[in-house]
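Residue-level structural notes
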Amino acid sequence: MRVKRLFYLTSRLLLISLFALAWIAPPAYASSIECVDDDGDWDCSIDVDGTAGVDILFTLAETTTITFTTFTALTCDDHGTGLNTAAYAGDPYLYLFNDSDTLLASDDDGAGHNDNVSTCWDAYLNLVDLPAGSYRLNVNVWENATGVFSMDATGLPPIVPEPTPTPTPTPTPQPQP
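Residues numbered from 1 in each chain as written. Predicted model: local features only at pLDDT ≥ 70, side-chain atom pairs only at ≥ 80, totals over all residues. Heavy atoms only, no water.

Before going further, it helps to spend a moment on the overall build of the chain. Looking only at helices and strands, the chain features 1 helix and 9 strands. In the chain, the succession of helices and strands from N to C terminus is α-β-β-β-β-β-β-β-β-β. Looking at the chain as a whole, 31% of its 177 residues qualify as buried. Contacts spanning at least 24 positions in sequence make up 69% of the contacts within the chain whose residues lie at least 6 apart. Split by element, the accessible area of the chain, about 11700 Å² in all, is 59% carbon and sulfur. (Helix = DSSP H or I, 4+ residues; strand = E, 2+ residues; numbered from the N terminus. Buried < 20%, exposed > 50% of the residue type's maximum accessible area, 1.4 Å probe, protein only. Contact = heavy atoms within 4.5 Å. Areas by Shrake-Rupley, 256 points an atom, 1.4 Å probe, with all protein chains shown as cover.)

Here is the structure:
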């Protein structure tokens, strides 16, 4: 009887500890990006989870001028409010690498619409005559925190939708004579 009661008490304490940990632990996020075609430009929704950011891979077939501009709901006054929550807008950083993983350009707060009064944190890259080749754009947030924001990109090749898989038909057994 005593062992049974000890087991019962231990299991209840472990259960309460699990609930307490789940209550105070920060939420887990997964980095994601979704880009859609917007009259030849890319319109992307980005969610960074505090890891190494989100990578966008692309290949240019010819020398091209490209731009990347981020847009957040973050104002100059509320930076840090709601940090590491789903509501946090994040302070975007952009890093462009070539296929040798050499950093070609980066930006933190260079967007032209930043007025340093209400909008301060958006990033901007404009690369004139970027040669043909393969590139990686790393989209991240300040201090690898979490953040949700949008990004427009111009000059990139068209978005090619992933093909919808077609189900393979199930063969119908043939009657045996």
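Disulfides are covalent bonds that link the sulfur atoms of two cysteine residues. Counted under the stated rule, the structure contains 1 disulfide. Between the sulfur atoms of Cys 35 and its disulfide mate Cys 44 the distance is 2.1 Å. Across the S-S bond of Cys 35 and Cys 44 the torsion is about 105°, and the bridge reads as right-handed. (Disulfide = S-S within 2.5 Å.)

Turning our attention to the sheet that holds strand E3 (residues 54-60). Read from one edge to the other, the open sheet built from 4 strands follows the order E3-E8-E5-E6, with strand pairing classed as antiparallel. Edge strands, defined here as strands with exactly one partner in the open sheet, are E3 and strand E6 (103-107). Averaged over all pairs of adjacent strands, the angle between strand axes in this sheet comes to 20°, irrespective of strand direction. As judged from the 7 bridges shared by strand E5 (residues 92-98) and strand E8 (residues 133-141), these two strands associate in the antiparallel manner. Its bridge partner being in E8, Tyr 95 is matched across the sheet by Asn 138. (Pairing = 2+ DSSP bridges. Axes fitted to C-alpha atoms, helices over the stretch in contact; angles between N-to-C directions.)

The values reported here are purely geometric and, on their own, carry no functional implication.
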